[in-house]
Structures are given as structure tokens and as C-alpha cells.
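# Chain and residue survey
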2 protein chains.
Amino acid sequence: MNTTDNPSRKHWAVLTQRPTKKSTDLGKVIGEVFDEVEKNGDAALRVYTARFDNVVLNDLKVSQEEIDASAALVSEDLKNAIALAKHNIEVFHRSQITPKEVVETTAGVTCWQEMRAIEKVGLYIPGGTAPLFSTILMLGIPAVLAGSKEIVLCSPPDKDGKIHPAILYTAKLVGVTTLFKLGGVQAIAAMTYGTESVPSVYKLFGPGNQYVTAAKQYALTQGVSIDMPAGPSELMVVADEAANPSFVASDLLSQAEHGHDSQVICLANTKKQLEDIQAEVALQLKELPRKEMAANAIDNSQLICFEKIEDQLDFINAYAPEHLILNVENEAIYLDKIENAGSVFIGPYTPESAGDYASGTNHTLPTNAFARMYSGVNMDAFTKKITFQKISPKGIQVIGNAIELMADAEGLQAHKNAVSLRLKALKRD
Amino acid sequence: MNTTDNPSRKHWAVLTQRPTKKSTDLGKVIGEVFDEVEKNGDAALRVYTARFDNVVLNDLKVSQEEIDASAALVSEDLKNAIALAKHNIEVFHRSQITPKEVVETTAGVTCWQEMRAIEKVGLYIPGGTAPLFSTILMLGIPAVLAGSKEIVLCSPPDKDGKIHPAILYTAKLVGVTTLFKLGGVQAIAAMTYGTESVPSVYKLFGPGNQYVTAAKQYALTQGVSIDMPAGPSELMVVADEAANPSFVASDLLSQAEHGHDSQVICLANTKKQLEDIQAEVALQLKELPRKEMAANAIDNSQLICFEKIEDQLDFINAYAPEHLILNVENEAIYLDKIENAGSVFIGPYTPESAGDYASGTNHTLPTNAFARMYSGVNMDAFTKKITFQKISPKGIQVIGNAIELMADAEGLQAHKNAVSLRLKALKRD
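Per chain, the residues get numbers from 1 upward, laid out in the order the sequence is written. Chains and ligands are labelled by the order in which they are written, letters from A for the one and numbers from 1 for the other. Where totals are concerned, whole chains, interfaces and linings use all residues; where local detail is concerned, this predicted model gives features only for residues with pLDDT of at least 70, and gives and counts side-chain atom pairs only at 80 or more. Side-chain measures here rest on the full set of heavy atoms in the structure, leaving out hydrogens and waters.

### Remarks on the sheet that holds strand β8 (residues 225-226) of chain B
Neighbouring strands of a sheet are bound in pairs by backbone hydrogen bonds; such pairs are parallel or else antiparallel. Residue and element names in this part refer to chain B. At least two DSSP bridges between two strands are required for those strands to pair. Secondary structure elements are defined from DSSP: runs of H or I of at least 4 residues count as helices, runs of E of at least 2 residues count as strands, and each element is numbered from the N terminus. In space, the 5 strands of this open sheet follow the order β6-β5-β4-β7-β8, with parallel pairing throughout. Of all strands in the sheet, those with a lone pairing partner are β6 (178-181) and β8, marking the two edges. The sheet contact formed by strand β7 (residues 203-205) and β8 spans 2 bridges and is parallel. Bridge pairing in β8 places Leu-204 opposite Ile-226.

### Some thoughts on the sheet that holds strand β8 (residues 225-226) of chain A
Residue and element names in this part refer to chain A. Taken in spatial order, the 5 strands make up an open sheet running β6-β5-β4-β7-β8, and their pairing is parallel. What marks the edges here is a single partner per strand, and that holds for β6 (178-181) and β8. As paired elements, strand β5 (residues 150-155) and β6 share 4 bridges and run parallel to each other. Along β6, the bridge assignment pairs Ser-155 with Lys-181. Contacts between residues were defined by any pair of non-hydrogen atoms, one from each residue, lying within 4.5 Å. Only C-alpha atoms enter the line fits that serve as axes; for helices the fit covers just the stretch in contact. Angles between N-to-C directions range over 0 to 180 degrees. Each of β4 (120-124), β5 and β7 (203-205) is contacted by helix α7 (residues 184-193), which is oriented at about 175° to β4, the strand it contacts most.

### Notes on the interface of chain A and chain B
Counting residues at the interface gives 117 residues for chain A and 117 residues for chain B. The salt bridge criterion pairs a side-chain nitrogen of Lys or Arg with a carboxyl oxygen of Asp or Glu, the two atoms within 4 Å. Our count for the contact surface shared by chain A and chain B stands at 6 salt bridges. Between Asp380(B) and Lys385(A) there is a salt bridge, with its nearest N and O atoms 2.6 Å apart. Polar contact criterion, stated in full: a pair of N or O atoms within 3.5 Å, where within protein one must be able to donate a hydrogen and the other to accept it, and residues adjacent in sequence count only if both atoms are side-chain atoms. Summed over the shared surface of chain A and chain B, the result is 66 residue pairs in polar contact (both at pLDDT 80 or more).

### Considerations on the domain arrangement of chain A
Residue and element names in this part refer to chain A. Taken as a whole, chain A is organised into domain 1 (26-103 + 117-226), domain 2 (231-375) and domain 3 (392-428). Domain delimitation in this document rests on an assignment produced automatically or drawn from a domain database. On a C-alpha basis, the centroid separation for the pair domain 1 and domain 2 is 30 Å. With 11 residues of domain 1 at the contact, the number on the domain 2 side is 10 residues. By definition, the buried area sums, over both parts, the 1.4 Å-probe accessible area that each loses when the two are put together. For the pairing of domain 1 and domain 2, the buried interface totals around 820 Å² over both sides, and the portion due to carbon and sulfur atoms is 59%. Here domain 1 is connected to domain 2 by 0 salt bridges. Summed over the shared surface of domain 1 and domain 2, the number is 5 residue pairs in polar contact (both at pLDDT 80 or more).

### Quick notes on the pairing of β4(A)
All names here are of chain A. Judged by how many residues are buried, β4 sits mostly within the fold: 4 of 5 residues are covered. Bridge count for β4 against β5 is 5 bridges, and the pairing is parallel. If you follow Val-121 over to β5, its bridge partner there is Ile-151. A clockwise course of the path from the first strand over the helix to the second, judged with the strands pointing away from the viewer, identifies a crossover as right-handed. In terms of handedness, the path from β4 via helix α5 (residues 133-146) over to β5 forms a crossover that is right-handed. The pairing of β4 with β7 spans 3 bridges and is parallel. The residue of β7 that forms the bridge with Leu-123 is Phe-205. Type-normalised accessible area, obtained with a 1.4 Å probe on protein chains alone, sets the label of each residue: buried when under 20%, exposed when over 50%, and partly exposed for intermediate values.

Below, the structure written as C-alpha cells:
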């Protein structure tokens, strides 16, 4: 771990930098897969699945029998845990639905916005040894609450052509409408163009490796929208003198175990606290099954001592962390001043893993400093807002002349005319 | 105008199609300009401005004197019109600021979202014969309401190295922080990377020609976000038997005058109404100064008779119009069923031009069927939402076990450990 003491601001650009990605240009590979899937549909999907997932599939679609059988393969304990998480995620996301508020901007001129679901959405859930069912909760629940009619989920099959029962169970529980045994670039291409069996969608969500990420970027050029640009996961912890070093160390390690490129930063106002945290990290690291991966990320992590809270705040906002834990007693001096962050965890008993699973907030969050301009996934991500306006005869008489003048000044005579005709008709009446 | 009577659904795919864009690949040109601007900063900007705008500029930044002088060059009438529009746009956009709502998802677990401004935004305003000051209102007002600290505006200079006073006046009025005489791809590149004089921004807004549009797409690959993908403007009007054909015709023409590629569609439930509208279009078209451009767009427009309102509604949602005018007596049967549209104008006295200028709604809207998944510009576009959560000792005891189980099932031991440590500490207390 790299320790820095009250770094000067000119040094911040380096400290807030993310590891530069190897700019391997995947464009050509991605373009080829997309073209093939657009041209040959399911046949292309079967070829790629055989090549990349080492399994020959007749049915890409998960059958109702497979889905129904999944419940018996998930432990009751895990089912209860998933039910608890689902409840909290539902309660929080439901609270984000903004009611219609009708505003009279001028006498006779009323305007309002209404949220409407994105009708067709596609969720991508990566494969691998551990089933990422928590991401299904995070994406499926808001999609269902929004009212999306078609919720398609793609996840790669294992070598036996199966998908983990925890994924099938959770997908059914939240209300995913169709599931496909389909991974990688071909899954993203299928949901972009549609094939004989896979429906095309309007927006794509979910994590993935560099190929899936590049495929989502490519989909964006094909008229589909995506949740947000992706990058390695990050955690920043602010620890004051009262923070328990073992709690802080456990949080840093929970981030570090995500992968070699995970970003971990800890701010404190005393060097003593940073030393204690560092010692605890060393202790806890030894016990972790994924210790090699975590050790790598920890090696690249930063411990920074800032005596002044203003400096801490400016540094937080300059870095724009995906996850920010405020393990401090006086949180009030921080909260209003945090401008750039994905999700904030307050106090000693709010570890990041609570938000990853069960507090109710979403765990799909902007990394790589994108928290400066992107929100994490929330109800807005599964909806769009339509504006409505209604103008009465009185209303157009109040604002009509202003529209005529402005249209005229912009050289748009027919825009002006649409108002003039109406004003004349009202004068005659 | 093409008239179709109760087209069958299999024919809808053709009727809802947008004109296919020539896929001229501008990538190479755009990439070169971006590289030059990144490398050579202001010097590159001056070279491109000399080449494309035919003017040699010493100062790219608009001086305070030029800004201050603009007010005397705008008529009092137009100033009053702009003030009226500004008021309405402010009132409506302010109403979109969602207050913080704290939710207790489980006893001891509180979650909420807070809106925060995107700190640095860039607005692009195209040049040309007519000054598009209305777009400054539509982008500058929500930026200021959101609390963006740096609001940069770029607009190309004329041959005398000047920007139209109506643009300078409106920019000052709404609170744009810095203005540059800078157009085209080089303006977008400057706001993406920053130069000696132009600040870099986090998000880019505004209309433009195909080069500017392609430059914004390129900026997206350089870590900047953008308002939305662009396309030719569109209007769909639904006219019932009571609709005044001359009002409808004036609305269709106000859209048509935007350009050759404008999309104009009119739905009615009787052929008689469509004939009357067509006759009125022919009459009004003759009087327009931009009649050639409008005539072209009108030639490509569609008049469609749907006897059933359900068919009209399905067609509206399949087309997903940028602007939708409901010139009907019984609007209630439509409103709740509109799923895909940018902005909706209700009743005989609500022309599209009202929303273009002064009703209060935003005129930056999704075209090209992007209304299926994008909102128009609103307060969300200038902000992001940060989630917060705070868990009490009691709260972590309630949800802790669920987190442990889920983290374990996903193979993330350190995630589990961050909770286990805390639960153990609480047991000891």
C-alpha cells in the first residue's frame, strides 16, 4: 500500500488517476460477431456458443421446466436472504418513482412530466464460477417496478449447457420474462438486432468482461442505449480517529477481492490511523481464499493522510469514487459537500457489502470517475420522462406574441404562423 | 403527401421508418481534429477557425465588452419575449427538482437519493443566418438551476469574428459562465480535452450538423457524456373531426420548415379531414419564405387514416415521435396510453412552436425513435443522483446474515467478512 502524507494539490492528478487501460482494439472482432448475428440469427448464436462456451445447444431459450426446477436446488436460507434483499431493493426503488406534478407556468399554460417504462430491456449476467444472482435483483426489480413489458436475460451456459439454479431462481422471482443461455458478444448482438428466438431490446444493462463492455459500446452505435460505461470497481473509505481499523480493513479488502484492477483508497486525518489500518489489512488478508487477487489490488491501493477535512472533501470530489464509505463520527460535515460519488455508506455499521446485496440501494454504479456525470442504476434508468403541455385560448393569448417574436428572430416563419393563425381565430370569436 | 387508409400492421414497419442516413464515415476527419486539438490546444483551434469559419481570431474567448454591448443590439420587444420564455422554462424545470426522500427499507436501514449538479457542462450553439438563442434558454436555464459551476458555451464566429448579439445577450441573461467563438468539430474537441483558454467539461449538450453530431459521438469515446443521439426533427399530429384543418396544416408546416429531412406525419380518423388538411397545407405553403425546404419535407410526409383510436395509439407508440400534437376533443382517451414520445401538445391551442420557445417545456428532445428509451433534456440531464445509506447497529443485525449468505453464495469471502466482523463486535458489546 502506498502511503502519502498531506499531498499537495498538484500531486492530486496522479493520485486520482485510474490505471490506464490497454487500448486493445476489439472493434473488428465485435463488428464481425454483430454482422454474423444480424445476418444468420440463431444459427450464428449456436456457432459462437459452441466455440466460446464449448457446448452445442439446441434450445437457446431456458425452458419452463428448467426454471421451475431451480427452486429445489437453492437452499432455504439463501432463498430467505434473497427475499429480504428483494424487499429492501423494492422499497427503495419504489420510492424513486416521481409522481406527476402539474405546473401552471403562466395563466392558461400547464406543463408536466410523466415517467414511462422502457418497454423492452435486456439484462446481461456474466457466467463463471460464482452465480451473480444479486445483479439480477439490482436490474430486474427496477425493470419490473417501472413496468417494462419485455425483460430479457442472457447468461452464458456452463459446459453442460446449464445455467446456475440461483440465477434461474432469482430471475423467476423478480419477474424476468425470458431467459437465454447466451454469453459474451453474441448475447449483446442478439439483444441488439433480435433473432428468431431472442427479442431485440431498447436498452442493455449489466456487467461483463472487456468483450461484453466493448460489445455494449458497439450496440450504442446500432441504436440501442446502455446503462453506463464500465470500468474496474472502486472504493474510497474515509476513516476518522474513532473508526475501528479492523472494520476499515475489511471494507478495503472486500473491494480488493473483486480483481487485480480494483481501486482501493483510504483517507484518514492521522498517520497513526493509517498505520493501524495497514496492519489490520495484513492480518485479514492472510485468511482470504482470494488472497492473491486481493493482495494485488491492495499493492496498488493508496493510503492518504489529510489533516484538513476540506482537503478530504475536495479529494473525494476530484476522485469521484464509485463507492464511498464515511466511517466517521461527524458525518454531517461531509454529506452536503459530496458532489461526485456513486453510492455513499455512512457510519461504522454500513459496509459496502450491505449496498452490494441488501440495504436497498443499487449496486450498479458509475466507476472510473464517471460519477461526475452519471447516476448509478435507479428508476430513471428503466424509464424515460415525457413532457406534456396544454394551453388554453387565454394561455396562447398571453404567450403567443412572445413566440411570434422569437420565431421571427430565428427566421422560422411557419413556427410564427402556427401561433398567428390561432391568435387571429380567437380575435374573430 | 402520401395518404394511406387504415394501413395493416405489417405495413407499419415501413410507415414508421426514418429516412436512412448516408453512413458517410466521418471518423477519420473527426479523429484528426481531436488529436490536433489535444496536442496543440488553442493554436489548433485558431487554425481550424481560420480554415472553416474564414476568420483569424486572436481571442477565442468572447470579451466582457462584447457581451455587455449585446443588450443594446437586441430590441426591447425581443428582450421581453425572451424574459417571458425564461420565466416559464424556469418555473417548469424548477418543479422537476426532486426532494430528498429518506426511506427506511428495514428497521435501522435508511436509504435516500440526492440530486447533484454536473459541475462542468458544455453547450454548443450552431451558427448560420439565424441565431438559435432559444436553445441557450433550453440548455442554460436547467444548467443554472441544477447548480453547474462551469457553463461553457461555444458558437462559431461569423466572417467578422463576431457572434450574434441575441446569442450573447441570452447567454449572459441565463448565466453562462464563459463564451467562445468556436464552432464545429474543433469546439467539441476543445470542450472534451480542454485547451489553454477553453475549459474541459464533463457533459456536452446541443444541436449541430452531421460533423458536430459525429464529434459528440467521438467525445463519448473520450470519457465525456452527451445529452442524447441526434437525428432529424419530427412531428406527428393527431387530428379528430373537430380539429381546425388550418391549425393542423400550420403545425405540419412549422415542422417541415426545419429542413429537407424533417419528418411530418398526420393521423386522422376520417379521410375527409385528411383531404381538408392537405388542401390547407397547399394554401399556406405558398406564403412561406422557406417554402422550397418545407415543400420537400411535405412531399415525404405521411397522412394516415386510422378509424380506430387503438390503432392510432399503437401507431404513435410504434413510431415514438419527438413531438406529438393531440388536436382532439377527447384527449383523456389518449394520454395514459402514450408510451413513447418526446413532448406532447394537447388541444387546439397548443402548437409545437409553443414548446419550442415559451410554454416552459424543453425543446431538446429525442428524435429517430429514441423516445423509446431517452427523455428530452430536463433537470435529470444536468444532474446525477447519488445514493446514500446509513445502517444502525440494530439494522446490520437484521440484514447482516442475509448479506453473509449471499456473499458466500457468490464466492466473495471478504464481502461476507466485512459484515461478520461487525456482527461479532456487536455481540461482544
